[in-house]
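# Observations on chain architecture
Each chain, written out:
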Amino acid sequence: MPRNIIVCYDHSPSSRFAIQWAVSKKIFLTDDSVTLATALDEDVAAIEGGALAVPNVVGGAGDFFVTDYTQRVEKMEKDAEYELKEAVEIIRQHVGQVHAVLLRGDAKSSLVDYANTNQADLVIVGQRGLGWVKRRLLGSVSDHLSHQLKMPILIVRDSN
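Just so we're clear, the structure is a prediction, and the values are computed from it rather than from any experiment. (Residues numbered from 1 in each chain as written. Predicted model: local features only at pLDDT ≥ 70, side-chain atom pairs only at ≥ 80, totals over all residues. Heavy atoms only, no water.)

## Here we look at the overall build of the protein chain
- Broken down by element type, the protein chain carries six helices and five strands.
- Listed by position from the N terminus, the elements making up the protein chain come as β-α-β-α-α-β-α-β-α-α-β.
- Within the protein chain, buried positions represent 39% of all 160 residues.
- A total of about 9,400 Å² of accessible surface is found on the protein chain, and carbon and sulfur atoms cover 55% of it. (Helix = DSSP H or I, 4+ residues; strand = E, 2+ residues; numbered from the N terminus. Buried < 20%, exposed > 50% of the residue type's maximum accessible area, 1.4 Å probe, protein only. Areas by Shrake-Rupley, 256 points an atom, 1.4 Å probe, with all protein chains shown as cover.)

## Focus on the pairing of strand β2 (residues 33-40)
- Burial within β2 is extensive, with seven of its eight residues counted as buried.
- Where β2 meets strand β3 (residues 97-104), eight bridges bridge the pair, whose relative direction is parallel. Across the sheet, residue Leu 40 finds its bridge partner in β3, namely Arg 104. (Pairing = 2+ DSSP bridges.)

## Let's talk about the pairing of strand β4 (residues 122-127)
- The buried fraction of β4 amounts to five of the six residues, a majority that puts the element mostly inside the structure.
- The pairing of strand β1 (residues 4-8) with β4 spans three bridges and is classified as parallel. Of the residues in β4, the one forming a bridge with Val 7 is Ile 124.
- Examined bridge by bridge, β4 and strand β5 (residues 153-157) share five bridges and lie parallel to one another. Paired with Gln 127 across the two strands is Arg 157, which belongs to β5.

## Some thoughts on the pattern of salt bridges
- As enumerated under the stated definition, the model contains five salt bridges in all.
- Here Arg 16 makes a salt bridge to Glu 83, at a shortest N to O gap of 3.2 Å. One end of the pair, Arg 16, is in helix α1 (residues 13-24); the other, Glu 83, is in helix α3 (residues 63-92), and 67 residues separate them in sequence.
- When its relative accessible area of 32% is taken as the criterion, Arg 16 is described as partly exposed.
- One salt bridge connects Lys 75 with Asp 79, and the closest N-O pair in it is separated by 2.8 Å. In this pair, Lys 75 and Asp 79 are both assigned in helix α3, four residues apart and thus about one turn of the helix distant.
- What makes Lys 75 exposed here is its relative accessible area of 52%. (Salt bridge = Lys/Arg side-chain N within 4 Å of Asp/Glu carboxyl O.)

## Here's the deal with the confidence of the model for the protein chain
- For the protein chain, the average pLDDT comes to 80, and 76% of its residues sit at 70 or higher.
- Per-residue pLDDT stays below 50 along residues 49-64; that stretch engages in 12 contacts with residues further than four places along the chain or on separate chains.
- Low pLDDT (under 50) marks residues 134-138, which in the prediction has seven contacts with non-local residues, meaning those over four places away or in another chain. (pLDDT = per-residue confidence, 0-100. Contact = heavy atoms within 4.5 Å.)

## Observations concerning the nonpolar core
- Counting residues in hydrophobic clusters, the biggest one holds 19 residues, and the most contacted among them are Val 7, Ile 19, Phe 28, Val 34, Leu 36, Ile 91 and Ile 124.
- Where this core is concerned, the elements lending two or more residues are β1, α1, β2, α3 and β4.
- What Val 7 contacts, discounting residues up to four positions off in sequence, is Ile 19, Phe 28, Val 34, Thr 35, Leu 36, Ala 37 and Ile 124.
- Judged by nonpolar contacts, the second largest core, of 15 residues, contains Tyr 114, Ala 115, Ala 120 and Met 151. (Core = buried A, V, L, I, M, F, W, Y, C linked by side-chain atoms within 4.5 Å.)

Quick look at the structure:
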């Protein structure tokens, strides 16, 4: 029976390493269904716009900033789709069915919701190897997933 595997992919070196590691260790079987999932958090686009991004929700003079915000989100979407296509091609050589999905919102909650909704048999995620303090301050997606998901999760730690 084919397995439903979700690979969490954020375009970072550690998530690329997780894909390469999973491929090299033959984690994927030819009849698996693999989904590469990445989350696009539009709040990040607002924050990256600096303090001037705050007026995005108002009209009038804020219209200029709405355009700027919209352009940042569109660029984030295009970049994410491009990166996902490259990652899909790496996996496609090893499994029959692979596709990508672009989720909206915070990566932690979006990935948990997606994995649960789609009844994943396995979730694969890379880990940057943050220390305890950085993990607590910045938050760790792999740590969050390991505590919130009920299905098996494979955390691949980048060896660098």
